[in-house]
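The lines below spell out each chain.
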Amino acid sequence: MTENRGGKGAGAVLGTATAATGLLAGVWFAYVCSVMPALARSDDKVYVEVMRNINDVIQNPLFFTPFFGAVILAAVAAWQHRAGRARVWTLAALVLAVVVFLVTSAANVPLNDALAAAHDPTAARDAFEGPWVAWNIVRFVLTTAGFACLLKALAVRNRV
């Protein structure tokens, strides 16, 4: 028997939270395995210019929808499943989504802002690259773990 708390709407929210979280994990993964390694081959001026461009263009509804949606939808899913079998998994996913949001807000965004304001490309890159890459790996790992938790929540919720 499937978990009935919240009915089909709760399942739709959980599924959408899972999709948003998976999309976000994919964004961070793309940086880990391609964007940042490719930029690492560039000289300082090109590196800084391209990262500034990326940081400008990523601020759009297409990115913001899964970025904010992952947290909001995980919160709604955790609430909807608070008394069911998927409770632990949705709550874990919510905690991970909040931590990713906080890491992004407290680490990656300030680094992006500092890079945007910097005048010397070499000094800017030196201050930016290592910490930004490290924090992005943290985001990737945490978001992927959250995605796995939501997949487990779906499986547990739908178990017969």
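As shown above, the structure is provided for reference.
In short, a report on the structure. (Residues numbered from 1 in each chain as written. Predicted model: local features only at pLDDT ≥ 70, side-chain atom pairs only at ≥ 80, totals over all residues. Heavy atoms only, no water.)

## Observations regarding helix 1 (residues 7-40)
End to end, helix 1 covers 48 Å across 34 residues, agreeing with the expected 50 Å (1.5 Å per residue, within 8%). Where helix 1 bends most, the angle comes to about 45°, and this point is Tyr 31. (Helix = DSSP H or I, 4+ residues; strand = E, 2+ residues; numbered from the N terminus. Expected span 1.5 Å × (residues − 1). Bend = angle between axes of the 7 residues up to and from the residue.)

## Things to note about the pattern of salt bridges
As enumerated under the stated definition, the model contains two salt bridges in all. One salt bridge connects Asp 44 with Arg 125, and the closest N-O pair in it is separated by 3.1 Å. One end of the pair, Asp 44, is in helix 2 (residues 44-57); the other, Arg 125, is in helix 5 (residues 121-157), and 81 residues separate them in sequence. The exposure class assigned to Asp 44 is partly exposed, which follows from its relative accessible area of 22%. A salt bridge links Glu 129 to Arg 125, with the shortest nitrogen-to-oxygen separation between them at 2.9 Å. With Glu 129 and Arg 125 both in helix 5, this residue pair falls four residues apart, about one helical turn. Here the residues in one salt-bridge network are Asp 44, Arg 125 and Glu 129, joined through shared partners. (Salt bridge = Lys/Arg side-chain N within 4 Å of Asp/Glu carboxyl O. Buried < 20%, exposed > 50% of the residue type's maximum accessible area, 1.4 Å probe, protein only.)

## Points about the packing of aromatic side chains
If you walk through the whole model with that rule in mind, you get 12 aromatic pairs. Taken together, a centroid distance of 6.0 Å and an interplanar angle of 70° make the contact between Trp 28 and Phe 63 edge-to-face. In this pair, Trp 28 is assigned in helix 1 and Phe 63 in helix 3 (residues 61-80), connecting sequence segments 35 residues apart. Taken individually, Trp 28 and Phe 63 each receive the classification buried, so the pair is uniform in this respect. Centre to centre, the rings of Phe 128 and Trp 132 are 5.8 Å apart; their planes meet at 20°, and the pair counts as stacked. On the criterion of helical spacing, the pair formed by Phe 128 and Trp 132 is a turn pair, its members being four residues apart in helix 5. Across the pair, exposure class does not vary: Phe 128 and Trp 132 are buried alike. Counting every residue linked through ring pairs, the aromatic cluster contains Trp 28, Phe 63, Phe 64, Phe 67, Phe 68 and Phe 101. Across from the ring centre of Tyr 47, 4.3 Å away, lies the NZ or CZ of Arg 125, which sits over that ring. Residue placement shows Arg 139 over the ring face of Trp 28; its charged tip is 3.6 Å from the ring centre. (Phe/Tyr/Trp six-rings, centres within 6.5 Å; stacked < 30°, edge-to-face > 60°. Lys NZ or Arg CZ within 6 Å of the ring centre and 35° of its normal.)

## Some remarks on the nonpolar core
Nonpolar side chains in soluble globular proteins tend to end up buried together. Counting 12 residues, the largest nonpolar core is built from Tyr 31, Met 36, Leu 39, Tyr 47, Val 48, Met 51, Ile 54, Leu 111, Leu 115, Ala 124, Phe 128 and Trp 132. Elements with a minimum of two residues in this core: helix 1, helix 2, helix 4 (87-117) and helix 5. Sorting elements by how many residues they give to this core places helix 2 first, with four residues. Counting 10 residues, the second largest nonpolar core, distinct from the first, contains Leu 14, Ala 17, Ala 86 and Leu 150. (Core = buried A, V, L, I, M, F, W, Y, C linked by side-chain atoms within 4.5 Å.)

## Digging into the packing of helix 3 against helix 4
With their axes 8 Å apart at the nearest point, helix 3 and helix 4 run at an angle of 150° to one another. Here helix 4 runs roughly antiparallel to helix 3, going by the angle between their axes. Regarding helix 3 and helix 4, the two cross each other, and that crossing is left-handed. Contacts between helix 3 and helix 4 involve Phe 67, Phe 68, Ala 70, Val 71, Ala 74, Ala 75, Ala 77 and Ala 78 on the former and, on the latter, Thr 90, Leu 91, Ala 93, Leu 94, Ala 97, Val 98, Phe 101 and Thr 104. Residues belonging to the contact of helix 3 with helix 4 are distributed by class as follows: 14 nonpolar, two polar and no charged. (Axes fitted to C-alpha atoms, helices over the stretch in contact; angles between N-to-C directions. Parallel < 35°, antiparallel > 145°, perpendicular 65-115°, else oblique. Left-handed = near helix turned anticlockwise from the far one by under 90°. Contact = heavy atoms within 4.5 Å. Nonpolar A, V, L, I, M, F, W, Y, C, P; charged D, E, K, R; others polar.)

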